Amino acid sequence: MSHLHPLARLSGFLLLLLLAGCSRSGHGAEPLELTLNKAQLEQVGQKIYQNECAANSACLVHWNKGEAFPSLGIGHFIWYPRGVAGRFTESFPALIEFMKEQRVELPPWLAALDPLDAPWPDRDALHAARGSPQVKSLRQFLERTQGLQAAFIFRRAKASLSRVMEAAPAHERPGIRHRLTALSKTPGGVYALIDYVNFKGEGLSPTETYEGEGWGLLQVLQQMSDSSASSELGRFREAAAHVLTRRAHNARADIERQQWLAGWLKRLETYREPG
């Protein structure tokens, strides 16, 4: 198993996610904080890498059957080829912008891409190029920057939480805030929030729906009100299973029901408190 590189540029810095009370949910709300130190962040990154790739570096550059895009890095960040306008939110270009902000040296061919579109038009093209210097350098780059990818995933969660709160109907915000607050107070809850946003998104994009039903963090938080589990994390896990099962049954592609759903539900089982 590959180990995450130290976050040299973030050393000594406590990563803090602060979500102040939204103005529309009432003034004076207690701020919601999610905190991870460097070691905890690396552990979360390792879990995500295990979930997405079984900690196999070959999976850092991958293209799933039935998808219109490659999935890259420990978070399987989506990268669309030129001319492809997909349903799902693209994330790899934002990762590269984050790397540039951190002054990370990119593979020369990647730094030169303009626009920043995936250079392979389809899965067969990437498969044919898997041994090329281009793909090898990309895989090596993603392997040596795992720590910064984890930091990017964490920062992305920060922005997502505030957007989810703002997007929720006004009458639902107090309940959603309560659930987020409870989840943020335990290591398992923090991990679940970060991983789910990376895994299935915020639930805010109008294109990320089947039959009008989304499957992101907002939909899971809303579904938690119908759960009978004894803990907040258990309710989150149960609600996420319901939302993802609904997505698979609403999907036109059989592969979601026949292959992907079982893996999604298995991933949710990692949303438990340590020990």
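Residues numbered from 1 in each chain as written. Predicted model: local features only at pLDDT ≥ 70, side-chain atom pairs only at ≥ 80, totals over all residues. Heavy atoms only, no water.

What follows is about the side chain of Asp195. Following the sequence through the fold, Asp195 ends up in helix 8 (residues 187-200). Leave out the neighbours within four places in its chain, and Asp195 touches Ile48, Asn51, Arg267 and Tyr271. (Helix = DSSP H or I, 4+ residues; strand = E, 2+ residues; numbered from the N terminus. Contact = heavy atoms within 4.5 Å.)

So, about the pattern of salt bridges. A full pass over the atoms with the stated rule returns eleven salt bridges. One salt bridge connects Arg267 with Asp195, and the closest N-O pair in it is separated by 2.7 Å. Remark: Asp195 occurs in helix 8 and Arg267 occurs in helix 11 (residues 254-268); sequence separation between them is 72 residues. For the pair shown, Arg267 and Asp195 are each scored as buried. Here Arg246 makes a salt bridge to Glu213, at a shortest N to O gap of 3.6 Å. Here Arg246 is found in helix 10 (residues 232-250), whereas its partner Glu213 is found in strand 7 (residues 213-214), with 33 residues between them in sequence. Owing to a relative accessible area of 34%, Glu213 belongs among the partly exposed residues under this scheme. Taken together, the shared-partner salt bridges in this structure form one network comprising Glu52, Asp195 and Arg267. (Salt bridge = Lys/Arg side-chain N within 4 Å of Asp/Glu carboxyl O. Buried < 20%, exposed > 50% of the residue type's maximum accessible area, 1.4 Å probe, protein only.)

Where helix 10 contacts helix 11, the axes come no closer than 10 Å and their chain directions differ by 170 degrees. On the basis of the axis angle, helix 10 is roughly antiparallel to helix 11. In contact with Arg237, Ala240, Ala241, Leu244, Thr245, Arg247, Ala248 and His249 of helix 10, helix 11 contributes Glu256, Arg257, Leu261, Trp264, Leu265 and Leu268. (Axes fitted to C-alpha atoms, helices over the stretch in contact; angles between N-to-C directions. Parallel < 35°, antiparallel > 145°, perpendicular 65-115°, else oblique.)

Right, let's get into the sheet that holds strand 4 (residues 71-72). Neighbouring strands of a sheet are bound in pairs by backbone hydrogen bonds; such pairs are parallel or else antiparallel. Sheet architecture is open: three strands sit in the order 3-4-5, paired in antiparallel fashion. In the strand order of this sheet, the two ends are held by strand 3 (61-62) and strand 5 (77-78), each with one partner. By the bridge criterion, two bridges tie strand 4 to strand 5 in an arrangement that is antiparallel. Bridge pairing in strand 5 places Ser71 opposite Ile78. (Pairing = 2+ DSSP bridges.)

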